[in-house]
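Structural characterization, general
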Amino acid sequence: MTRRTALSRREASGLRVAVIGAGSWGTTFGKILADGGAQVTMWARRPELAQEIAEAKRNSQYLPGINLPRAMTATHQLALALDGAEQVYLSVPSQSLRENLKALRPLLADSEAPVVSLMKGVERRTGLRMSQVIEQELRCDPDRIAVASGPNLALEIAREQPTAAVIASNSQETADAVARAARNGYFRSFVNTDVIGTEFGGVLKNLIAVAIGIVDGVGYGENTKASIITRGLVEMTDFAVANGAQPETLQGLAGLGDLIATCQSPLSRNNTAGRLLGQGYGYQDVVKQMQQTAEGLASLAPVLQLARAAGVEMPIVEQVKMVLDGTMDPRDIAPHLTTDDDTPQGERTQNGQAGSGGALRRAFQRAFDQFRHGGRGAARD
Ligand SMILES: NC(=O)c1ccc[n+]([C@@H]2O[C@H](COP(=O)([O-])OP(=O)(O)OC[C@H]3O[C@@H](n4cnc5c(N)ncnc54)[C@H](O)[C@@H]3O)[C@@H](O)[C@H]2O)c1
Ligand SMILES: O=P(O)(O)OC[C@H](O)CO
C-alpha cells in the first residue's frame, strides 16, 4: 500500500460495500473503495474468478500484474455479496444489466443502500440510460441512485495513477455519500446532480472513440483526429443538452475529460474496436476479437434513434454506424461540419446560426412548446 493510499483509508473506514461484476472496471472500482477504507465484497459470475480474487488477491485475466487489497473479497453468490451491503456498485456490460437486476431485486427488497452505476452504455432495446434501467427494475426511489463517470481507464487506476471522476445523483446527499467512499490518495470524486449529462458523457465519448479508432486504423493523422474530437464534443453536447443535460457537464470530467482519455489511449476497448474496423475487419470479426466490453458498439443505434427523435444531427456518429454496418468505406470518414451543402457558419451550431448553439436553442424551443401545449409534449423541431 502506498503512503497516499494509507492516508486516505481512514475516510470510509469499515463501510461495507458490494460490487456486482468483476471485470476490469468492477475490480478496479472495488480496489478504489477498499483503498478508501471500505470492506469490499465483489460478485463474480464465474466461481473460479471469485476464488482467485478472494484467495490470491488477483484478477489475472482483467488486471494482470495488479495486487488487490486485503480488504477485498469475492463470491459468486449474489446473496452473500449483498449481505449487509451499505452501498451497491454495478459494473456488468450494459446490455446485461436488466437481467442482473432481476436477480438482485428480491435481495435488495429491504435495503435502503445507494445503488451506483459504473457503466457507460444505453440499453439497445429501450434507449434507456443505466440509471433509468435501475430505477425501473429495482422500483426504487431515484434519490437512491448514483452514477460514476470520468476519464477512468481501469488499468491506469489499478496501477494507482492519480485520477478524478464525477459522482452524480439527483440527491446531493447520495452523491456525497458515494463520493466519500470512492475516494483515496489516487482517486478523487467530484460531485454533481446532473445525472443525465454525467451518464450521456460516458456513453457518447465511446462513440467518438470508435471514430478515432477508425481513423487510426485507416492511418490518418492528428489533424483528422483533432477535428473529429472537437466536432465530436459538439455532437455530444448537442445530444446531451437536447435530452436534458446541463451543457457544462459535457465540458467537465464526464465529457471532455473522458473524451480525451478514451480517444488517446490504446487501452480503450472502444478505440481498439474502431481501429479494427478501420483496418477493414467487419463487425462480426471485431466482436470476436474483443476480449472485453466495448460499449460503444451496442449504444450506436439507440443513440442515433434518440438523436433523430430530438432533432439533433450527429454526422460523426452516423458515419461510425455506416462503417459498422459496412455501408461506408472507413477511409471516407470525415469530420463533417454539416450534413447539407451549405458552408458552415461558425463552429458551434449545426444550423449555421450564431450564438450559444443549436442544441440550446432547440432545448429552449422544446421547453417553450411544452409550456404552450400545456405540458402535453413538445413539437419536433
Ligand atoms: N474498463 C474500464 O476502463 C472502464 C472504465 C469506466 C467504465 N467502464 C464501464 O464499466 C462497465 C463494465 O465494463 P468492464 O470494463 O468491467 O468490462 P469487462 O469486459 O472487463 O468485464 C465485464 C464483466 O462482466 C461479466 N459479464 C459478462 N456478461 C455478463 C452477464 N450477462 N451478467 C453478468 N456479468 C457478465 C464478465 O464476465 C466480466 O467479468 C462498462 O459499462 C464499461 O463501459 C469501464
Ligand atoms: O475501454 P473503454 O473504451 O471502455 O473506456 C474505458 C473508460 O470508459 C475510460 O474512461
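For clarity, every value in this text was computed on a predicted model and none was experimentally measured.

**Some points on the environment of C263**
- On the secondary structure map, C263 appears in helix α12 (residues 253-264).
- Linking C263 and L207, residues 56 residues apart in sequence, is a C-alpha distance of 9.7 Å.
- With residues near it in sequence (within four places) discarded, C263 still touches I208, A209, I212, I229 and N271.

**Focus on the site of ligand 1**
- The environment of ligand 1 is formed by 24 residues, the closest being S24, A154, R269, T293 and E295.
- Contact between ligand 1 and N152: an oxygen atom at 3.3 Å from a main-chain N or O atom of the residue.
- Between ligand 1 and the protein, one listed contact pairs an oxygen atom with a side-chain N or O atom of R269 at 2.9 Å.
- When isolated, ligand 1 has an accessible area of 830 Å², and the protein chains bury 89% of it.
- Secondary-structure elements contributing two or more residues to the shell around ligand 1 are α2 (24-35) and α5 (97-104).
- Per-element tally for the shell around ligand 1: the top contributor is α2, with three residues.
- Of the residues that constitute the shell around ligand 1, the class distribution is nine nonpolar, ten polar and five charged.

**Focus: the nonpolar core**
- Core analysis: the largest hydrophobic core is formed by 43 residues, its most contacted members being L204, I208, F239, V303 and M314.
- Per element, the largest residue contribution to this core is eleven residues, and it comes from helix α9 (residues 195-218).
- Every residue in contact with F239, bar those within four places of it in the chain, is listed here: F200, L204, V303, L306, A307, V312 and M314.
- Counting 41 residues, the second-largest nonpolar core is a separate cluster that includes L15, A22, Y62 and M72.

**Regarding the UniProt feature "active site" (unreviewed entry) in the protein**
- UniProt's feature table lists "active site" (unreviewed entry) at K205, given in the numbering used throughout.
- Note that K205 resides in helix α9.
- Apart from the residues within four sequence positions on either side, K205 is in contact with K120, M236, D258, L259 and T262.

Basis of the calculations
- Residues numbered from 1 in each chain as written.
- Chains lettered and ligands numbered in written order.
- Predicted model: local features only at pLDDT ≥ 70, side-chain atom pairs only at ≥ 80, totals over all residues.
- Heavy atoms only, no water.
- Helix = DSSP H or I, 4+ residues; strand = E, 2+ residues; numbered from the N terminus.
- Contact = heavy atoms within 4.5 Å.
- Near = heavy atom within 4 Å.
- Polar contact = N/O pair within 3.5 Å; in protein donor to acceptor, adjacent residues only side chain to side chain.
- Areas by Shrake-Rupley, 256 points an atom, 1.4 Å probe, with all protein chains shown as cover.
- Nonpolar A, V, L, I, M, F, W, Y, C, P; charged D, E, K, R; others polar.
- Core = buried A, V, L, I, M, F, W, Y, C linked by side-chain atoms within 4.5 Å.
- Buried < 20%, exposed > 50% of the residue type's maximum accessible area, 1.4 Å probe, protein only.
- UniProt positions renumbered as here; feature names shortened; annotations may be inferred.

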